[in-house]
Amino acid sequence: MVGQRLKLNEMEEIKMAKHPTPMLDELESGPWPSFVSDLKQEAEKRAKNPDNVDFQIPVDAVDDLLGVLELSYKHGRTHWKHGGIVGVFGYGGGVIGRYCDQPALFPGVAHFHTMRVAQPAGKFYTTDYLRQICDLWDLRGSGITNMHGSTGDIIFLGTTTPQLEEVFFELTHNLNQDLGGSGSNLRTPADCIGKARCEYACYDTQDLCHHLTLEYQDELHRPAFPYKFKFKFDGCPNCCVASIARADMSFIGTWKDDIRIDQEAVQAYIGGEIPSNGGAHSGRDWGPFDIQKEVIDLCPTKCMWMEDGKLKIDNRECTRCMHCINVMPRALRIGKDTGLSILVGAKAPILDGAQMGSLLVPFIKAEDPYDEIKEVIEAIWDWWMEEGKNRERLGELIKRQGFQKLLEVTGIDPVPQHVQEPRTNPYIFWKEEEVEGGWQRDINEFRKHHLR
Amino acid sequence: MAFISSGYNPDKPMENRITDIGPRKYDEFYPPVIANNKGKWLYHEYLQPGIMVHVAESGDEVYTVRCGGARLMSVTHIREICEIADKHCDGYLRFTTRNNIEFMVDSKDKIEPLKKDLESRKFDGGSFKFPIGGTGAGISNIVHTQGWIHCHTPATDASGTVKATMDVLFEDFQQHRMPAHVRVSMACCLNMCGAVHCSDIAILGYHRKPPILDHEYLDKMCEIPLAIAACPTAAIKPAKIELPNGTKVNSVAVNESRCMFCGNCYTMCPSMPLADTEGDGIVLMVGGKVSNRVSNPKFSKVVVAFIPNEMPRWPTMTDTIKKIVETYAAGANKYERLGEWAERIGWERFFEKCELEFTHHLIDDFRDPAYYTWRQTSNFKF
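Asks: Give me the state of the cysteines: which residues, what numbers.
Replies: Residue and element names in this part refer to chain B. Enumeration according to the criterion identifies one disulfide over all chains in this entry. Paired through a disulfide, Cys222 and Cys269 show a sulfur-sulfur distance of 2.1 Å. Taking the sign of the torsion about the S-S bond as the criterion, the disulfide between Cys222 and Cys269, at about 65 degrees, is right-handed. Of the two residues, Cys222 is situated in the loop between α5 (215-221) and α6 (224-230) and Cys269 in the loop between α7 (264-268) and β11 (281-286); the sequence distance between them amounts to 47 residues. Just as Cys222 is buried, Cys269 falls in that class too. Of the cysteine sulfurs around Cys151, a residue in no disulfide, the closest is that of Cys188, at 5.1 Å. Classification of Cys188 as buried rests on a relative accessible area of 4%.

If you want it as structure tokens, here you go:
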């Protein structure tokens, strides 16, 4: 029976496949989900069209996508042209033009634009919503998506220019759903799972992410910036969305008071009743849990010790790295006086080398309506829009004009927390008003005491 | 195919136009157990690789089954995900930052049927549709970029290199035997849409040939000053060029020895393509992290300057990655990330243990930060 079915499938495939794809076929084997198999099932589904969809872009778009990808595997080069200027009326982002450089061979993907659909914070979905998305994209696009793109959006991969407005109209009118950002805009902000399902979250990442996304829709849709700008929201210093590495402004949850300790649970970890690190190391025998070796000695500030069978923490010396809490989540909890730190300027290497986010605001409360946070954001944008060069990320502007300038424009006082260490050169750009008597002096007065 | 109007009137684009409404609100999509216990979670535990329980103050529990997925996904596949979520999870699900799919149930007895269902589903080609794993001290899904499927600047494919790598690392997607979690990321050019520069292992597509100059079209297609300004090493200058037919055109000249192959000029000017079969390939970077745990966040370091594109399965690349992973797994202490391990044993030892050749390409010579990566001490290992 199974054999018969396989045979039938093979026959169908021979009949169905528009382009032979011998190299891509080799990516169908192996255990990891094969994108090639998935593309093939979509190509076949479109060809058979069991639901009688009146496809608004070529029915063989996915066949041609496989074909052009196979050609890239043969050539070792992409066959997509540089983007074109396409979009929806009034927006400067959310759509990326894409054209194939072999349109005669692959007419189904000759025009194959990307649309970015703003994802809900936390990436929770109902199946009703996802099915609406699928129905829309089946009708008006290739049926191929990214769940999700690198920045966080739902990506619609491949449609024609006349469909862009139609998709946008349906999204906004029927799905209560907007496009995301692209180009020199605020990019679609993204967050970690946060308080929705994580006990480490120091603030409501989803609420802050959603709130700021709505607040700054204009910046997200209409390019007014020197370059891209990203917000990312991590609920704790574990940084699951990597905000510290890739967001122009990263919002990382933290706390000011003491780590909460359940001494009974500490004993349960020591006694081996609860597995360390939530059972994350279950695949190997690492020997019995050793609190000294695994927690106390690994503490980067050495602010923990055992005393009379109890775990003690000198919280003033703690830098909140999360290691002890990660290892003993049932014994240790984040503090109660929670908020977030703001770090700025992270980016990938292009152009001037990679930058990690630099600490700007050590602690700020994260409570609706988030006015204090918005003040920092808007002061930074005013400066960057005024001074930033074309395609200069915030981190590069900070490097060019100095961290002091950033403090000046945001009105934030310098504190030792801002630096890893103080400067090793004395080349300080003193300001005239900082120097007693100012800089204007009389040469004749000077010469009275110092002959030429 | 007949054009079906959505209701949009191209003659009156502003009529009934709705804009700036943003994404759907997150809490419309919370399953009840999440909505009821948000902000009140006490602790979590991995019951087995890929399966977690989170326990709330109320005593409520949510069990999560995490599955890997290709982020390139058809609507047919998404509908299958919906079918599973309807059958087992009351119509709710979520995706993770690393392209995993999470199915959540509110009681323990619902796990086993869900797990069996997920494990039983395979593509016609034989691969799993929903492999369970990606948690704890293992190797989670790879975040990646578009590659040859949809991008104009890639130096390699993304979906293919990821599939080949995850096939090789698959056992560790479903295990917890690593010293700490290992984050693998992939970006198909150094624009790094995937921001792979802080990953335990980063796969990066890279060009090695300067742009080809399409002089005849360059001035027609591009804003020459923008192309010149785009170059981070000031290698591009304006030039008058005489075409073979005798016409003189405005174009650019590239000081090729200054080119670091970033492709930024091509981003600004389509008449300067870099892609090349022999020139393009893979850079491997290791030892980065984004978490602040124990040690500070770190950038990944280049440990293999170039591996050719070997379609369709990139065997040299996957063998090298496997070797690095196994060497790390054998040598690192519990909780030690790959970069922390390399720093503890010393990078000279890292190259020895991983049997990687050290070449001049791996010594930084790009601007001021380079100096800080040279060894300014007499302490080193033989």
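The rest of the description comes next.
Asks: For the pattern of salt bridges, give the residues involved together with the corresponding values.
Replies: Under the definition given, this model contains 50 salt bridges over all chains. For the salt bridge of Lys374(A) with Asp371(A), the shortest nitrogen-to-oxygen distance reads 3.9 Å. Placement of the pair is Lys374(A) and Asp371(A) together in helix α13 (residues 371-387), with a separation of three residues, close to one helical turn. The exposure class of Asp371(A) is partly exposed, given its relative accessible area of 46%. Put simply, Lys209(B) and Asp276(B) hold a salt bridge, and the shortest N to O gap is 3.0 Å. Residue Lys209(B) is found in the loop between β8 (201-206) and α5, and its partner Asp276(B) is found in the loop between α7 and β11; the two are separated by 67 residues along the sequence.

Asks: Break down the packing of α13(A) against helix α14 (residues 394-401) of chain A for me, citing the residues and quoting the values.
Replies: Residue and element names in this part refer to chain A. It is the contact of α13 with α14, at a shortest axis distance of 11 Å, that shows an interaxial angle of 75 degrees. The angle between the axes of α13 and α14 places the two elements in the roughly perpendicular class. Together, Ile380, Trp383, Trp384 and Glu387 of α13 and Leu394, Leu397, Ile398, Arg400 and Gln401 of α14 make up the contact between the two elements. Tallied by class, the residues present in the contact of α13 with α14 amount to six nonpolar, one polar and two charged.

Asks: Mind laying out the interface of chain B and chain A, listing which residues take part and the relevant values?
Replies: Between chain B and chain A, the residue contacts involve 142 residues of the former and 145 residues of the latter. For the pair chain B and chain A, the summed buried area comes to about 12,700 Å², and 58% of that belongs to carbon and sulfur atoms. At the boundary of chain B and chain A, one finds ten salt bridges. Residue Asp138(A) pairs with Arg79(B) through a salt bridge whose shortest N-O separation is 3.2 Å. Taken together, the connections running from chain B to chain A amount to 80 residue pairs in polar contact (both at pLDDT 80 or more). Examining the composition of the side of chain B that touches chain A, we find that nine residues originate from one element, helix α2 (residues 75-88) of chain B, more than from any other. As judged from the three bridges shared by strand β3 (residues 124-126) of chain A and strand β5 (residues 92-95) of chain B, these two strands associate in the antiparallel manner. Within the sheet, the bridge partner assigned to Thr126(A) lies in β5(B) and is Tyr92(B).

Asks: I'd like a rundown of the sheet that holds strand β3 (residues 61-67) of chain B, residues and numbers included.
Replies: A sheet is described by the order of its strands in space; here six strands give the open sequence β3(A)-β5(B)-β6(B)-β3(B)-β2(B)-β1(B), paired in antiparallel fashion. Strands with a single pairing partner mark the edges of an open sheet, and in this sheet they are β3 of chain A together with β1 (41-48) of chain B. Ignoring strand direction, the axes of neighbouring strands in this sheet form an average angle of 30 degrees. Here β1(B) pairs with strand β2 (residues 51-56) of chain B via six bridges, running antiparallel. The residue bridging Glu45(B) from the neighbouring strand is Val53(B), located in β2(B). Against the sheet, helix α5 (residues 127-140) of chain A makes contact with β3 of chain A together with β5 of chain B, and its axis sits at roughly 80 degrees relative to β3(A), the strand it touches most. Against the sheet, helix α3 (residues 111-120) of chain B makes contact with β1, β2, β3 and β6 (101-105) of chain B, and its axis sits at roughly 10 degrees relative to β3(B), the strand it touches most.

Asks: Give me the pairing of strand β11 (residues 310-313) of chain A: which residues, what numbers.
Replies: With burial as the criterion, only one face of β11(A) is covered, namely that bearing Leu311(A) and Ile313(A); the residues Lys310(A) and Lys312(A) on the opposite face remain uncovered. Turn length for the strand β10 (residues 304-307) of chain A-β11(A) hairpin, with the two strands adjacent in sequence and antiparallel, is two residues, and the turn residue Asp308(A) shows positive phi of about 50 degrees.

Asks: Tell me about the nonpolar core, and please be specific about residues and values.
Replies: Judged by nonpolar contacts, the single largest core of 95 residues is most densely connected at Phe231(A), Met249(A), Phe251(A), Ile373(A) and Phe103(B). Residue contributions to this core peak at seven residues, all from α13(A). Formed by 68 residues, the second largest nonpolar core is a distinct cluster that contains Ala158(B), Ala180(B), Trp314(B) and Ile324(B).

Asks: How would you explain a negative patch on the surface if you had to name every residue and give the values?
Replies: On the surface, Glu372(A), Glu375(A), Glu378(A), Asp382(A), Glu386(A) and Glu387(A) cluster together to form a negatively charged patch. Considering the arrangement of structural elements, one finds Asp382(A) in helix α13.

Asks: Explain the sheet that holds strand β7 (residues 231-234) of chain A to me, using residue names and the numbers behind them.
Replies: Residue and element names in this part refer to chain A. The five strands are arranged β6-β7-β8-β13-β14 in an open sheet whose pairing can be described as mixed. Unpaired on one side and paired on the other, β6 (190-191) and β14 (358-364) mark the two borders of the sheet. Strand direction decides the pairing type here: β7 and strand β8 (residues 249-255), joined by four bridges, are parallel. When the bridges of β8 are listed, Phe231 appears paired with Met249.

Asks: Residues and numbers for the packing of aromatic side chains, please.
Replies: Under the counting rule described, the total for this entry stands at 38 aromatic pairs over all chains. When the ring of Phe225(A) is compared with that of Trp384(A), the centres are 5.0 Å apart and the planes differ by 50 degrees; the resulting orientation is tilted. Taken together, the residues span a long stretch of sequence, with Phe225(A) in the loop between α8 (217-221) and β7 and Trp384(A) in helix α13 at a distance of 159 residues. Classification of Trp384(A) by relative accessible area gives buried; the value is 0%. Ring centres 5.9 Å apart and planes at 75 degrees place the aromatic pair Tyr371(B) and Trp374(B) in the edge-to-face group. You can call Tyr371(B) partly exposed: its relative accessible area is 43%.

Asks: Residue-level account of unusual backbone geometry, with values.
Replies: Cis geometry marks the peptide bond from Met147(A) to His148(A); its omega dihedral reads 10 degrees. Mapping His148(A) onto the fold places it in the loop between β4 (144-147) and β5 (154-157). Cis rather than trans, the peptide bond between Met311(B) and Pro312(B) has omega equal to 0 degrees. The backbone of Lys302(A) shows a phi angle near 50 degrees, a positive value even though the residue is not glycine. Along the polypeptide, Lys302(A) turns up in the loop between α11 (291-296) and β10.

Asks: An account of a nonpolar patch on the surface is requested, with residue identities and associated values reported.
Replies: There is a patch of nonpolar side chains on the surface, built from Phe358(B), Ile363(B), Tyr371(B), Tyr372(B) and Trp374(B) and spanning about 600 Å² of accessible area. With a relative accessible area of 45%, Phe358(B) lands in the partly exposed category.

Criteria and thresholds
- Residues numbered from 1 in each chain as written.
- Chains lettered and ligands numbered in written order.
- Predicted model: local features only at pLDDT ≥ 70, side-chain atom pairs only at ≥ 80, totals over all residues.
- Heavy atoms only, no water.
- Disulfide = S-S within 2.5 Å.
- Helix = DSSP H or I, 4+ residues; strand = E, 2+ residues; numbered from the N terminus.
- Buried < 20%, exposed > 50% of the residue type's maximum accessible area, 1.4 Å probe, protein only.
- Salt bridge = Lys/Arg side-chain N within 4 Å of Asp/Glu carboxyl O.
- Axes fitted to C-alpha atoms, helices over the stretch in contact; angles between N-to-C directions.
- Parallel < 35°, antiparallel > 145°, perpendicular 65-115°, else oblique.
- Contact = heavy atoms within 4.5 Å.
- Nonpolar A, V, L, I, M, F, W, Y, C, P; charged D, E, K, R; others polar.
- Buried area = accessible area lost by both parts, 1.4 Å probe.
- Polar contact = N/O pair within 3.5 Å; in protein donor to acceptor, adjacent residues only side chain to side chain.
- Pairing = 2+ DSSP bridges.
- Core = buried A, V, L, I, M, F, W, Y, C linked by side-chain atoms within 4.5 Å.
- Patch = residues over 30% accessible without salt bridge, like charges linked within 9 Å, V, L, I, M, F, W, Y side chains within 5 Å.
- Areas by Shrake-Rupley, 256 points an atom, 1.4 Å probe, with all protein chains shown as cover.
- Lys, Arg positive; Asp, Glu negative; His and termini not counted.
- Charge placed at Lys NZ, Arg CZ, Asp CG, Glu CD.
- Phe/Tyr/Trp six-rings, centres within 6.5 Å; stacked < 30°, edge-to-face > 60°.

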